[in-house]
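Reading the structure
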Amino acid sequence: MEFVVQKYGGTSVGSLDRIKLVADHVAATRAQGVNVVVVVSAMGEKTDELIAMARTLSADPPRREVDMLLTSGERVSMALLSIALYERGLKSVSLTGSQSGILTDENHGNARIEKILGDRIRRGLADDSIVIVAGFQGVSPKTKEVTTLGRGGSDLSAVALASVLGAVRCELYKDVEGVFTADPRIVPGARKIDSLPWYAMTEMAWAGAEVLHARAAHVASRFGLSVEIRSSFKTDLRGTIVKPTTETDIAMSIDKNGIEQAMVHTITCKHHMCMFEVEVAGDGAEDRASKIHAGILEFLWHQGEAPGINQRIGEMLRFMISENSATALRAAFADGRMGAQPKSVHVNLAGTSAVAVIGNGFLQGPEKVNQALAAAQSVGRVLFWDIRNQVLTIGVSDGEATAVVNALHEALVC
Ligand code: ADP
Ligand code: ASP
Ligand code: MG
């Protein structure tokens, strides 16, 4: 039987009443003659609460134990949902990431999925059961330890399962009605987008739009999967379809924007960023700069972060990263964990927000860039700007970010 993957985020399973509503919706889907693989997040803010508990006991809790702790959150949701389905007379089975055969590397806290076996999921489906999988977790075949995939990683579990197991649809249920032209909590006039190509969604996700996990966007676009992001509160509403670009999309976009005209899809923003700068000097500086650069990128990957700006000019390295990563990186340099030593390490522009204009064709002409900079300058002070791929990034102080996002939305998207 065909099956769909439905993922329910923390707010969607945030209470027993919400879990009952999820069970009703899963039951209604099942009644349409398709089976369901459900991926669940931990209830509400459970993951944050568990992290806070661990930090109360230790400033630097062992990463293995943190993963053991955090994976319990999703386990609670999956078992409760299975019980709610049982109460509705439906056959279901809940499985942890490890039981589902989600195999990862051994990087606790930010593990990468290497393979999905999925035998027990297939068996469950063949047995006509609804299968509920705990999101955000897997197991390392090398260490045999339970791992987590990084914050917000249930999106990634869902998309990877749908891709590998061949679901007919993948639906991500959230506390918003879809993907908007900006975070609707920041820009009240933001519009819901009916459909969006993966390149734009991927850039948005890396630029900080938490509506979809960035690595989930990569996996979905690699597999050519279509995903619908929709509301778990208003289940009759269509959401946003994120999909590979089709010829019709291209034709429609050309009609609307012209062949070479730059276009803007969305505005998004990351707060509490800074510029991390490293200077290397002395004998063999070039070689050491290369090693240090590679070491920093690897360190950031383990932190779950991809730098917004990532430059090496001669022996100067510059990265736009979160203040948290900068603090961790500075400590790693100070205690010798980074290997090769630089001449100096500086953190500049702390308290910066990186406001990203996600579009296409910025390099075809200066109009959109100039328009964006003028809009930002009308309400804030531009600290730096940068264009990479389909993204124009404008740095402003955290305090000015909301006004700047709104001004850019007004000028470029409305
Ligand atoms: P879940 O935990 O249910 O997977 P998230 O909380 O991670 O969902 O993502 C939904 C949140 O993403 C929304 O509450 C919204 O504030 C935020 N968000 C940021 N940018 C956007 C955007 N462009 N469109 C919609 N939501 C956005
Ligand atoms: N519960 C995890 C988190 O809060 C995973 C997720 O919700 O996707 O990060
Ligand atoms: Mg999320």
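In this section: the overall build of the protein. Secondary structure assignment for the protein yields 12 helices and 18 strands. For 414 residues, the compact-globule estimate of 2.2 N^0.38 gives 22 Å, and the C-alpha radius of gyration of the protein, at 22 Å, lies within 12% of that figure. The principal-axis extent of the C-alpha atoms belonging to the protein is close to 70 × 55 × 35 Å. Within the protein, residue pairs in contact and separated by at least 24 positions form 73% of the contacts whose partners lie at least 6 positions apart. In the form shown here, the protein has an accessible surface area of approximately 18,900 Å², with 52% of it arising from carbon and sulfur atoms. If you average the places of the 42 positive and of the 47 negative side-chain charges in the protein, the two averages end up 4 Å apart.

On to the site of ligand 2. Around ligand 2, the neighbouring residues are S41, A42, T47, E74, F136, R151, G152, G153 and S154. One of the side-chain N or O atoms of R151 is found 2.7 Å from an oxygen atom in ligand 2. When ligand 2 sits alone it has 260 Å² of accessible area, and the protein chains cover 87% of it.

Attention now moves to the pattern of salt bridges. Going through the model one piece at a time under the given rule, you end up with 22 salt bridges. K46 is paired through a salt bridge with E49; the nearest N and O atoms lie 3.3 Å apart. A residue pair is termed a helical-turn pair when its members lie 3 or 4 positions apart in one helix, as K46 and E49 do in helix α2 (residues 46-57) at 3 residues. For K46, a relative accessible area of 32% corresponds to the partly exposed category. On the basis of relative accessible area, E49 is assigned to the partly exposed category, the value being 41%. A salt bridge links K234 to E177; the shortest N-O distance between them is 2.6 Å. With K234 in the loop between β11 (227-231) and β12 (240-243) and E177 in the loop between β9 (169-174) and β10 (195-197), the pair connects residues that are 57 residues apart, well separated along the chain. Classification of K234 as partly exposed rests on a relative accessible area of 41%.

All right, on to the site of ligand 1 then. Of all residues adjacent to ligand 1, which total 18 residues, the nearest are K7, K174, F180, D183 and R185. The separation between an oxygen atom of ligand 1 and a polar side-chain atom of D183 is 2.9 Å. For ligand 1, an oxygen atom lies 3.1 Å from a polar atom in the backbone of E210. If ligand 1 stood free it would expose 570 Å²; the protein chains cover 88% of that surface.

At their nearest, the axes of helix α6 (residues 198-206) and helix α7 (residues 214-223) sit 8 Å apart, and the two run at 160° to each other. Taken together, the axis directions place α6 and α7 in an arrangement best described as roughly antiparallel. Crossing handedness for the pair α6 and α7: left-handed. For the pair α6 and α7, the contacting residues are W198, T202, A205 and W206 in the first and A214, R215, A217, H218, A220 and S221 in the second. For the contact of α6 with α7, the class distribution of residues is 6 nonpolar, 3 polar and 1 charged.

Taken across its 6 residues, strand β2 (residues 35-40) has 6 buried, putting it largely inside the fold. Neither face of β2 is left uncovered, since the one carrying N35, V37 and V39 and the one carrying V36, V38 and V40 both have all their residues buried. Regarding the hand of the β-α-β motif, the stretch spanning strand β1 (residues 3-8), helix α1 (residues 16-31) and β2 is right-handed. Sheet topology places β2 next to strand β6 (residues 130-134); 4 bridges connect them, and they run parallel. Residue pairing for β6: V40 is matched across the bridge by A134.

Cut-offs used in this document
- Residues numbered from 1 in each chain as written.
- Chains lettered and ligands numbered in written order.
- Predicted model: local features only at pLDDT ≥ 70, side-chain atom pairs only at ≥ 80, totals over all residues.
- Heavy atoms only, no water.
- Helix = DSSP H or I, 4+ residues; strand = E, 2+ residues; numbered from the N terminus.
- Rg over C-alpha atoms; globule rule 2.2 N^0.38 Å.
- Contact = heavy atoms within 4.5 Å.
- Areas by Shrake-Rupley, 256 points an atom, 1.4 Å probe, with all protein chains shown as cover.
- Lys, Arg positive; Asp, Glu negative; His and termini not counted.
- Charge placed at Lys NZ, Arg CZ, Asp CG, Glu CD.
- Near = heavy atom within 4 Å.
- Polar contact = N/O pair within 3.5 Å; in protein donor to acceptor, adjacent residues only side chain to side chain.
- Salt bridge = Lys/Arg side-chain N within 4 Å of Asp/Glu carboxyl O.
- Buried < 20%, exposed > 50% of the residue type's maximum accessible area, 1.4 Å probe, protein only.
- Axes fitted to C-alpha atoms, helices over the stretch in contact; angles between N-to-C directions.
- Parallel < 35°, antiparallel > 145°, perpendicular 65-115°, else oblique.
- Left-handed = near helix turned anticlockwise from the far one by under 90°.
- Nonpolar A, V, L, I, M, F, W, Y, C, P; charged D, E, K, R; others polar.
- Right-handed = clockwise from strand over helix to strand, strands pointing away.
- Pairing = 2+ DSSP bridges.

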